[in-house]
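Geometric and topological summary
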Amino acid sequence: MLISSAYTPAANRYDGAMPYRHVGKWGLKLPAISLGLWQNFGDRVPFDQQEAILRRAFDLGITHFDLANNYGPPAGAAEANFGRHLRRSFAQLRHELVISTKAGYDMWPGPYGGPGGSRKYLLDSLDSSLERLGLDYVDIFYSHRFDPDTPLEETIGALDFIVRSGRARYVGISSYSAPRTREALALAADLGTPIIIHQPSYSMLNRWIEEPYSGDDASTGESLLDVLADQKMGCIAFSPLAQGLLTDKYLKADSPTDAAALPGSRASWAPSWRGSMLTKDNLDRVRGLNQIAAQRGQTLAQMAVAWVLRRPEVTSALVGASHVEQLNDTVGALANLDFDQATLTEIDKFAIDSDINIWGSSFL
Ligand code: NAP
């Protein structure tokens, strides 16, 4: 049984250490670093360990917590646990928080539980998320992925209804390609509910949002970043640490095999971690990046976060953390967000054209 410990947030949490940036042209602001609850807030991590991370995050000025229906493990557990954390630690602080959730991937059995973007799935899923969270509304609800089997009008119509019915303050899309993003924005604008934010994967090792779209209907050849800049849409970049590969943690092991077995690490247990990420060549590249970070007076995690934030299109870096110490380290990125061209070129020498098959890019 947990012993309840009262939480008094740090009085200096808004004293300027954490910048808050507008989501594109919109009024909402997000902290430059946001915390995601994908893998470390399910039932395998002790509740008090989760609590320590969330409280420390808020003390550091992190006001935005990102969830999805399927976060855990098991799916749904992160929302249920976060609901408990809200009641224990943040009950009087709801208006200081931006809480997001999503639907788009597999969630419950049968034809209506995803993956997909039908009105039925999105609304039923969000209602279940709100119940698990113990909330009347979330601040941002995302279509987690484009669904080629549902007309986009239906998905975007559901997002419009979600805002109008009070279930979400704002809506966003995640992992939509450049052309699908343009289509979604146009449909939403017609309905009168703007899509204010995109959540793509982005890191030194995963550049898909910089690259011209090359799908079947490559009519424009635009990159997703081009569209975001043109539409003045916000962007929250997920997995900027490439799930932990862009930190020094796997460099401490003697071999790729030892790295893959590092106790407690995501590489050792999570299905989202691809074994091919820990080859000797990849670790040599990460070692090279680690040296560049050291020359900047940063840890690799700090440089990786600063690197995504260097783009004006990126509102916030959406990180994960399994321990408080990791979060303390990562937030140190804010001390140096500047890059000169020589450093960026040096980074590219190690980070571009690797065969690191990072999880996450666009859907069509
Ligand atoms: P990440 O920040 O790239 O990776 C987090 C992991 O890196 C941690 O769990 C930890 O690994 C390690 N780590 C973090 N800080 C560290 C540090 N300072 N030093 C050493 N290791 C460190 O992000 P992510 O967890 O993959 O994703 C972040 C969030 O993005 C998710 O929680 C979710 O909200 C969102 N996301 C969205 C989608 C989408 O489809 N929209 C997909 C994926 C993620 P260990 O656990 O091994 O300690």
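Just above, that's the structure.
The full count for this structure, using the stated rule, is 21 salt bridges. For Arg94, the salt bridge goes to Asp139, with nearest N and O atoms at 2.9 Å. One end of the pair, Arg94, is in the loop between helix 2 (77-89) and strand 5 (98-103); the other, Asp139, is in strand 6 (residues 138-143), and 45 residues separate them in sequence. The same class applies to Arg94 as to Asp139, namely buried. Where Asp160 meets Arg164, a salt bridge forms, and the shortest distance between an N and an O atom there is 2.9 Å. Of this pair, Asp160 and Arg164 both sit in helix 4 (residues 152-164), 4 residues apart, which is roughly one turn of that helix. Taking the relative accessible area as the measure of exposure, Asp160 reaches 11% and is therefore buried.

Taking 1.5 Å per residue as the helical rise, helix 5 (residues 178-191) with its 14 residues ought to reach 20 Å, and the 20 Å between its terminal C-alpha atoms agrees with that figure. Buried residues belonging to helix 5 abut helix 4, strand 7 (168-174), strand 8 (195-199) and helix 6 (224-231). Looking one or two residues beyond helix 5, the residue adopting positive phi is Gly192, at roughly 95°.

Here the structure, examined in full by the defined rule, presents 9 aromatic pairs. Measuring from ring centre to ring centre gives 5.0 Å for Tyr250 and Trp273, while their planes differ by 45°; the resulting arrangement is tilted. With Tyr250 in the loop between strand 9 (234-238) and helix 7 (256-260) and Trp273 in the loop between helix 8 (266-269) and helix 9 (280-295), the pair connects residues that are 23 residues apart, well separated along the chain. Trp273 matches Tyr250 in its accessibility class, with the two residues each being buried. Put simply, the rings of Tyr7, Phe58, Phe65, Phe82 and Phe90 pair up and form one aromatic cluster. Lying across the ring of Tyr137, Arg169 places its NZ or CZ 3.6 Å from the centre.

With that settled, the discussion passes to the pairing of strand 8. Counting buried residues along strand 8, 5 of its 5 residues qualify, which places the element largely inside the surrounding structure. Pairing of strand 7 with strand 8 involves 4 bridges; the strand directions are parallel. Counted as the bridge partner of Ser174 is Gln199 from strand 8. In this region the chain leaves strand 7, passes through helix 5 and returns to the parallel neighbour strand 8; the handedness of that crossover is right-handed.

In the vicinity of the ligand, 31 residues are found, and the nearest of them are Asp66, Ser239, Lys249, Arg266 and Ser322. Between the ligand and Gln243 there is a distance of 3.0 Å, counted from an oxygen atom to a backbone nitrogen or oxygen. Coverage of the ligand by the protein chains reaches 98% of its 910 Å² of free accessible surface. Among the elements of the structure, strand 10 (316-319) and helix 11 (324-331) are those that each provide at least two residues to the shell around the ligand. Of the residues forming the shell around the ligand, the biggest block, 3 residues, is contributed by helix 11. Grouping the amino acids of the shell around the ligand by side-chain chemistry returns 12 nonpolar, 14 polar and 5 charged.

A word on the sheet that holds strand 4 (residues 64-66). Reading around the barrel, the 8 strands line up as 3-4-5-6-7-8-9-10 and close back on themselves, with parallel pairing between neighbours. The sheet shows a mean angle of 30° between the axes of neighbouring strands, direction not considered. As paired strands, strand 3 (residues 33-36) and strand 4 are joined by 2 bridges and run parallel to one another. When the sheet's bridge partners are listed, Leu35 is paired in strand 4 with Phe65.

The rules behind each value
- Residues numbered from 1 in each chain as written.
- Predicted model: local features only at pLDDT ≥ 70, side-chain atom pairs only at ≥ 80, totals over all residues.
- Heavy atoms only, no water.
- Salt bridge = Lys/Arg side-chain N within 4 Å of Asp/Glu carboxyl O.
- Helix = DSSP H or I, 4+ residues; strand = E, 2+ residues; numbered from the N terminus.
- Buried < 20%, exposed > 50% of the residue type's maximum accessible area, 1.4 Å probe, protein only.
- Expected span 1.5 Å × (residues − 1).
- Contact = heavy atoms within 4.5 Å.
- Phe/Tyr/Trp six-rings, centres within 6.5 Å; stacked < 30°, edge-to-face > 60°.
- Lys NZ or Arg CZ within 6 Å of the ring centre and 35° of its normal.
- Pairing = 2+ DSSP bridges.
- Right-handed = clockwise from strand over helix to strand, strands pointing away.
- Near = heavy atom within 4 Å.
- Polar contact = N/O pair within 3.5 Å; in protein donor to acceptor, adjacent residues only side chain to side chain.
- Areas by Shrake-Rupley, 256 points an atom, 1.4 Å probe, with all protein chains shown as cover.
- Nonpolar A, V, L, I, M, F, W, Y, C, P; charged D, E, K, R; others polar.
- Axes fitted to C-alpha atoms, helices over the stretch in contact; angles between N-to-C directions.

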